[in-house]
Amino acid sequence: ETKDGLAAIEQQLAGIIHSAMDAIITIDDDQRIVIFNAAAEEIFQCSAQEALGKTLDQFIPLSLRSAHRDHIRRFAEAGETPRRMGAAREISGLRGNGETFPLEASISQIERSGRRWLTVILRDISQRKQNEERLAYLGRILDESVNEIYVFDATTLRFTLVNKGARENIGYSMAELCTMTPLDLKRELTMERFLKLLSPIQTGQREQVVFRTSHRRNNGTTYPVEVHLQFLQEEGRRVFLAIILDLTERVATEQELQKAQQTLSTLVTNL
C-alpha cells in the first residue's frame, strides 16, 4: 500500500510538472538535464528527447555560460535554500532558433541517498518586457506632448498624472498636483457645475465633453484653455482624461481680428 501510495504521488507530481505553465528543468550534479517539462519545450523550442542528458549550456547565451555554470555550482555547494535568480542582473535564455530572451527564474535543490538535484523554474518575460517598454515609450510621448495632459481619479477628482508640459506651464510639481483637483486650477467653476460637465461622459451619454475655461497658475496668473474631457474605465480603475489646449495665442488672434473687423465696420459706416 505504501508503495502504491508513493507511486500515485509520483504520478501526480509528474502530471503537475508536465502541465505547469512555467518551464521546469531539473539537473544532476553534472548539470545534466533529467527533467524537461512541456513548458520548457515550448519556451526553448527544443523537445525533451533532445534536451535530456545534455547540459544547460545549450539554453544559455555563449557569453554567459561560464558565469552561469559557476553560479549553479556555488549554489549547490553552499546548500542554499530555494531562492530567486536574477535579482541583481537579468537572466537570459537561448531558444533553439538562436534567439535570446529575458527570463525570470527561481532555483532549489534536494539531496537524497547521497545524490543531489537542482530544479530551476523559468518564466519567459519577453511579452511583459515588451509591454513595459511600450508603456514607457507611450509615457515619454505623453510627457513630451505640447498639449497639457491631466489624468484625475473619478472618485476623489485628485490628479494622478500630469505631463511635463502641463507642470511647466501651471507651475506646480507632481507632488503638489497629487493633492489637488481640477477645481484648484479652474477657480470660476463650482463643484456642482463641474460634476454636471462630467456626468454625460461618466454615464456613457457622450464620449467626450469640450468646453472653454481658464487655468490659474501657481503664480496667480491665468490663461484661457479649451478642455477635452474623456472618461476611462479599465480593470477597476475609473479616471478622467483631460487634454488641455492653451488658447492664449488663439484668443489674442481672435481679439486682433475683432479689432480689425470693428475698424473696417467703422470705416464702411463713415464712407
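Structure: see above.
Reading the values: rules and limits
Residues numbered from 1 in each chain as written. Predicted model: local features only at pLDDT ≥ 70, side-chain atom pairs only at ≥ 80, totals over all residues. Heavy atoms only, no water. Salt bridge = Lys/Arg side-chain N within 4 Å of Asp/Glu carboxyl O. Helix = DSSP H or I, 4+ residues; strand = E, 2+ residues; numbered from the N terminus. Buried < 20%, exposed > 50% of the residue type's maximum accessible area, 1.4 Å probe, protein only. Lys, Arg positive; Asp, Glu negative; His and termini not counted. Contact = heavy atoms within 4.5 Å. Expected span 1.5 Å × (residues − 1). Arc of directions from axis to C-beta. Pairing = 2+ DSSP bridges. Core = buried A, V, L, I, M, F, W, Y, C linked by side-chain atoms within 4.5 Å. 1 Å grid on protein atoms, 1.4 Å probe; cavity = no way out; pocket = protein on both sides within 12 Å on 5 of 7 lines; lining within 4 Å. Points joined across faces, edges and corners; volume = space filled by probe spheres on them. Nonpolar A, V, L, I, M, F, W, Y, C, P; charged D, E, K, R; others polar.

## Concerning the pattern of salt bridges
What the rule picks out here adds up to 8 salt bridges. The closest approach of N and O atoms between Asp-22 and Arg-123, which form a salt bridge, is 2.8 Å. Separated by 101 residues along the polypeptide, Asp-22 in the loop between α1 (2-19) and β1 (23-27) and Arg-123 in strand β6 (residues 115-124) bring together distant segments of the chain. The partner of Glu-99 in a salt bridge is Arg-95, and the shortest N-O contact between them spans 3.2 Å. Take Glu-99: its relative accessible area is 38%, and that puts it in the partly exposed class.

## A few points about the side chain of Arg-217
Summarising the element assignment, Arg-217 is placed in the loop between β9 (209-216) and β10 (222-234). Nearest to the buried, unbridged Arg-217 among oppositely charged side chains is Asp-246, at 4.5 Å. Contact partners of Arg-217, with chain neighbours within four places excluded, come to Asn-169, Ile-170, Tyr-172, Thr-222 and Tyr-223.

## Remarks on helix α4 (residues 65-78)
In this model α4 runs 20 Å from its N-terminal to its C-terminal C-alpha over 14 residues, within 8% of the 20 Å that 1.5 Å per residue would give. Within the sequence span of α4, burial applies to His-68, His-71, Ile-72, Phe-75 and Ala-76. Axial view of α4: buried residues confined to an arc of 125°, hence all on one face. Facing away from the buried surface of α4 by more than 90 degrees, the exposed residues are Glu-77 and Ala-78.

## Overview of the environment of Arg-216
Tracing the sequence through the fold places Arg-216 in strand β9. Sequence separation between Arg-216 and Gly-171 is 45 residues, and the spatial gap between their C-alpha atoms is 9.6 Å. Excluding its chain neighbours within four sequence positions, the residues that come into contact with Arg-216 are Ile-170, Tyr-172, Leu-185, Arg-187, Thr-221 and Thr-222.

## As for unusual backbone geometry
Even without glycine at this site, Gln-31 takes up a positive phi of about 60°. Mapped onto the secondary structure, Gln-31 falls in the loop between β1 and β2 (33-36). Here Leu-157, not a glycine, exhibits a phi torsion of approximately 65°, which is positive. On the secondary structure map, Leu-157 appears in the loop between β7 (148-153) and β8 (159-162).

## As for the pairing of β7
The buried fraction of β7 amounts to 5 of the 6 residues, a majority that puts the element mostly inside the structure. Here 6 bridges tie β7 to strand β11 (residues 237-246), and the two strands are oriented antiparallel to one another. Of the residues in β11, the one forming a bridge with Glu-148 is Ile-244. By the bridge criterion, 3 bridges tie β7 to β8 in an arrangement that is antiparallel. When the sheet's bridge partners are listed, Tyr-150 is paired in β8 with Val-162.

## Quick notes on the nonpolar core
If you look at the biggest cluster of nonpolar residues, it comprises 28 residues, and the most contacted ones within it are Tyr-150, Phe-152, Phe-159, Phe-194, Leu-229 and Phe-240. At the level of secondary structure, the elements contributing two or more residues to this core comprise β7, β8, α6 (164-170), α8 (191-202), β9, β10 and β11. Among the elements that line this core, the one with the most residues is β10, at 5 residues. Setting aside chain neighbours within four positions, we find Phe-240 in contact with Tyr-150, Val-151, Phe-152, Ala-154, Leu-198, Ile-201, Gln-202, Leu-229, Gln-230 and Phe-231. With 24 residues, the next largest nonpolar core counts Ala-23, Ile-25, Ile-43 and Ala-76 among its residues.

## Points about empty space enclosed by the protein
If a probe the size of a water molecule is rolled over the atoms, the empty space left behind becomes visible. What the rule picks out here adds up to 3 cavities of 30 Å³ or more. Only β4 (91-94) and β6 provide two or more residues apiece to the lining of the largest cavity. Here the lining of the largest cavity is composed, by residue class, of 10 nonpolar, 2 polar and no charged.

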